[in-house]
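Close look at the chain arrangement
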Amino acid sequence: MAQLTTPARTGRRTVRWWRGAVLLLAGVYFLVPLAASFWFSVDDPKGLSLDAYTGLLSAPGFLDSLWLTLGLALVTVVVLLLLLVPALIAVRLGSPKLRPVIDVLCTLPLVVPPVALTAGLIGVLRWGPDYLMDTPFFQTFVFVQDPDFPLVLVIAYVLMALPLAYRALDAGLRSMDVRTLVEAARNCGASWPRAVFTVVLPNLRGALLNASFLTLALVLGEFTAASILGFQPFPVWIYSVGNSQAHMSVAVSILSLLLTWLLLLLLATAGRERHAKTATS
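Description of the structure in this document. (Residues numbered from 1 in each chain as written. Predicted model: local features only at pLDDT ≥ 70, side-chain atom pairs only at ≥ 80, totals over all residues. Heavy atoms only, no water.)

This part is about the overall build of the protein. Of regular secondary structure, the protein possesses 13 helices and zero strands. The N-to-C order of helical and strand elements in the protein reads α-α-α-α-α-α-α-α-α-α-α-α-α. Residues counted as buried form 34% of the 281 residues belonging to the protein. Nonlocal contacts in the protein, meaning residues at least 24 apart in sequence, comprise 76% of its contacts between residues at least 6 apart. (Helix = DSSP H or I, 4+ residues; strand = E, 2+ residues; numbered from the N terminus. Buried < 20%, exposed > 50% of the residue type's maximum accessible area, 1.4 Å probe, protein only. Contact = heavy atoms within 4.5 Å.)

Written out as structure tokens, the structure is:
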């Protein structure tokens, strides 16, 4: 019996050793640049200083750009989910043959560089006032370019995040039989909206969280479109501060990265709790 169990134990030890080595290399790969950046942010000719972190709240434009980015991220997430969730559920329930078409349309932004997408938006924004000056639509072009909350950035972010959110939601829908769940709810007397909201969406919560997090991460780090269009959300503010205050720029970048990691951990924790509740029930 001892001879039969020895190879299995040796195999498990080998797998654990390689797993630990891979995790160690990944930790070194991520933590060494982060530690070097932190050292640069606190290094001062007079000694170690945390002025780059303590002076963030009083830095001009910090809170305004941060709140603007968070607001843009929230609106982008809501718009994406309102567009994708009903469309994907409707396709799976009523028109399965349209799935390849939806797949192509939702992944098409991957082949369009952000610079080209932004250039197209600029062309449309310049074309509108020239041809729609005497129409009610002219105010629409003015409204979407409001510096306090530029909705044109929401349009750009929705297009950029569309493939990521689509893949996350599609993976969630593939993991369950939507038609069977809806038909079971309908047989129990539920209406179509109630069947979707009480049966489908709770089972899709993990995919909704994944799509929301991916969109949030993209908006927090997107620089190209906002910079070219002339607005100043958080990434553009970090770049502008870096031209005059390098230590503060690095400090903000570190905090932004840690915030993204924290959101990822919260998402993973929520997913594990959901899986544990489902398994026990």
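Further notes follow.
As a further point, take helix α10 (residues 205–221). Residues lying three or four places apart along an α-helix face the same way, a consequence of the helix completing one turn every 3.6 residues. With 17 residues, α10 should cover 24 Å at 1.5 Å per step; its first-to-last C-alpha distance of 24 Å lies within 8% of that length. Within α10, the full set of buried residues consists of Ala207, Leu208, Ala211, Phe213, Thr215, Leu216, Leu218, Val219 and Leu220. (Expected span 1.5 Å × (residues − 1).)

If the charged atoms of two oppositely charged side chains come close together, the side chains can form a pair. As enumerated under the stated definition, the model contains three salt bridges in all. Here Asp170 ties to Arg92 by a salt bridge, and the two come within 3.2 Å at their closest N and O atoms. In this pair, Asp170 is assigned in helix α7 (residues 151–174) and Arg92 in helix α3 (residues 62–94), connecting sequence segments 78 residues apart. Residue classification places Asp170 among the buried positions, given a relative accessible area of 7%. Across the pair Asp103 and Arg167 runs a salt bridge, and its minimum N-O distance is 3.1 Å. Of this pair, Asp103 sits in helix α4 (residues 99–107) while Arg167 sits in helix α7; the two residues are 64 residues apart in sequence, bridging distant segments of the chain. Connected via shared salt-bridge partners are Arg92, Asp170 and Arg174. (Salt bridge = Lys/Arg side-chain N within 4 Å of Asp/Glu carboxyl O.)

Moving on to a nonpolar patch on the surface. On the surface, a cluster of nonpolar side chains totalling about 690 Å² of accessible area is made up of Tyr29, Phe30, Leu31, Leu255, Leu257, Leu258 and Trp261. Looking at the nonpolar patch, the elements with two or more residues in it are α1 (2–42) and α13 (246–280). Tallying contributions element by element places α13 first for the nonpolar patch, with four residues. Tracing the backbone shows Trp261 in helix α13. (Patch = residues over 30% accessible without salt bridge, like charges linked within 9 Å, V, L, I, M, F, W, Y side chains within 5 Å. Areas by Shrake-Rupley, 256 points an atom, 1.4 Å probe, with all protein chains shown as cover.)

What follows deals with the side chain of Thr107. Mapping Thr107 onto the fold places it in helix α4. At a separation of 3.4 Å, a polar atom in the side chain of Thr107 contacts the main-chain carbonyl oxygen of Val104. Aside from chain neighbours lying at most four places away, what touches Thr107 is Pro163, Tyr166 and Arg167. (Polar contact = N/O pair within 3.5 Å; in protein donor to acceptor, adjacent residues only side chain to side chain.)

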